[in-house]
Amino acid sequence: MFGLLRNEEIVTTTQTASHVALFDKCRGFTRAREAQAAGLYPYFTPISEAEDTVVTIHGKTKVMMGSNNYLGLTHHPKVLEAAATALRKYGSGCTGSRFLNGTLDLHEQLEARLAEFLRKEACLVFSTGYQANLGVVSGLVGRDEAVYLDKLDHASIVDGATMSRAQVVRFNHGDLAGLERKLRSDGRPQGAMIIVDGIFSMEGDIADLPHLVPLAKQYGAALAVDDAHSIGVLGPTGAGTADHFGLTDKVDLIVGTFSKSLASIGGFVAGDEYVIHFLKHHARPLIFTAALPASNTAGVLAALDVLQSEPERREALWRNTKRLADGLKALGFDIGPSTTPIVPVLIGPLDKTLVVWRQLVDAGVFTNPVVPPAVPPSQCRLRASVMATHTAEQVDFALEAFAALGKSVGVI
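Since the structure is predicted, the reported quantities are computational estimates derived from the model, not experimental observations. (Residues numbered from 1 in each chain as written. Predicted model: local features only at pLDDT ≥ 70, side-chain atom pairs only at ≥ 80, totals over all residues. Heavy atoms only, no water.)

**Student:** Honestly, the pattern of salt bridges in this entry has me stumped. Any pointers?
**Tutor:** All told, the structure shown has 10 salt bridges when counted by the stated rule. As a salt-bridge pair, arginine 88 and glutamate 81 come within 3.6 Å of each other at their nearest N and O atoms. In this structure arginine 88 comes out as exposed when scored by relative accessible area, which is 61%. (Salt bridge = Lys/Arg side-chain N within 4 Å of Asp/Glu carboxyl O. Buried < 20%, exposed > 50% of the residue type's maximum accessible area, 1.4 Å probe, protein only.)

Right under this line is the structure:
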C-alpha cells in the first residue's frame, strides 16, 4: 500500500510540475461556474421526461416554450412506429458514411420525397442540419470565390464559410442596399454565393427573398436559403420561405434540418441535380461522417407524411403564435420584428435576463435565454417558441407568468 501511495504522489507531483499553456484559458474560465453557483446557469438542463408540450426537470413539470418542435410531431404515433420498425429492420446505426457503406434505401426514398415536396430536381441528406450547411458552403464555394452572409446567419453557415477558404463578406442584418454595395465592389470574384436564414432564429423575422432573388440574379450569384426554422412553418404547403413567397423556382438551393418541424435529427440540401451530384463527391461533412441512422430517417419520412396530410397542424401553430405574440405585446413586452413562431422577449442586461429566466422556470415555464455573443450585451432576450400542440390554456399560463415576473423585475 505504501508503494502504491508513493507512486500516486509521484504522478501527481509530475502532473503539477508540467504546465500546459493551452489550458490556461480553461482554468481562467469562471463565468459559467459563477452562474451555476448563483443558480442562474441556463444551459445543459437535464430533461428526465418529455411528453410533447410538457417536460419534467428535476422532478417538476414545466410547460415547454423553448422547443423547435413546431408541429408537435416528436410524439406522433406514426413517427414513433416508423422509427421503431426501422430500428428493428436496419439496426441502431449505419456504421459508415453515405459515400461508402452507409447509404440505405430509406435515405434515397427520403431524398426523392423531399425533392418532390420542395419542387427541386434532387436532394441530398446529411447526418445533421449543421453538417448540411457546412457541406453546402464549403463544398461549393472555394478559394478565389466569395460567399455573402447576413450577420445574423446561423453559426453553421459562418463555419462553412470559414472552412471554404473563400472570401467571406458579411452584411448587416437585412441590409440589402449594403449587400448590393458589396456585390458591386471592384475586384469581386466571379464565383459567388449569397446565403441567408429563411427565418432568423434570434429575431423571428423572415428573409426578404422578393428583393434578394433579383439581386442575386443581377450579380450572377447563387442564392441559398437555410430553411431550418421554415420547413413546416412557412408557405401554403409548409415547404418553407421560397414557398411562402412563391419563389421556389428562383432560389437555387434550399437547405434544412430534420430537428425542428420534422421531429428527428439530420439535414438536407435540395437543388438542381448536377449541383447535388457535385456535392455528393465534394462535401466533406457528408463524405467523412457516419450516415443518418435508419430509425431517424424513417421517422422523418413519417413526419413528412403527417406534415402534408394534416395541414391543420400548421393552422394551429399560427393561432398559437398570434395568441402568444399578441399577449406579450399587450402586456408591454418588446418582441422585436418577429412575425413567426419564434417570439423573442427583449429583456436588456444579461443579469436581469438570467433572473427572469430563472423565475420563469420556477413558475413552470421553460424558455431559452439568448445572451452575448449571440446578441449585443444590451439586447439580451428570452426566446420563446410555440408548437401546434400547445393548448390555449398553456399559452395563457405562460403569459400569466411573464406578466407577474415582468412587473417584479421592472421589465414592464
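**Student:** Where do I start with the sheet that holds strand E2 (residues 54-57) in this structure?
**Tutor:** The 4 strands lie next to each other as E1-E2-E3-E12, forming an open sheet whose pairing is mixed. Taken across any chain shown, the strands that pair with only one partner, and hence form the sheet edges, are strand E1 (47-51) and strand E12 (365-366). (Pairing = 2+ DSSP bridges. Helix = DSSP H or I, 4+ residues; strand = E, 2+ residues; numbered from the N terminus.)

**Student:** Help me out: how do you make sense of a nonpolar patch on the surface in this one?
**Tutor:** On the surface, a cluster of nonpolar side chains totalling about 270 Å² of accessible area is made up of Val20, Leu22 and Phe23. Along the chain, the position of valine 20 falls in the loop between helix H1 (2-17) and helix H2 (24-27). (Patch = residues over 30% accessible without salt bridge, like charges linked within 9 Å, V, L, I, M, F, W, Y side chains within 5 Å. Areas by Shrake-Rupley, 256 points an atom, 1.4 Å probe, with all protein chains shown as cover.)

**Student:** Hey, could you run me through the pairing of strand E6 (residues 167-171) in this one?
**Tutor:** Look at any regular strand and the pattern is simple: side chains alternate between the two faces of the sheet. Relative to E6, strand E5 (residues 146-150) runs parallel, the two sharing 5 bridges. For valine 147, the partnering residue across the bridge sits in E6 and is valine 168. Taken together, E5, helix H7 (residues 155-164) and E6 constitute a β-α-β crossover, and its handedness is right-handed. (Right-handed = clockwise from strand over helix to strand, strands pointing away.)

Keep in mind these numbers describe shape, not what the thing actually does.
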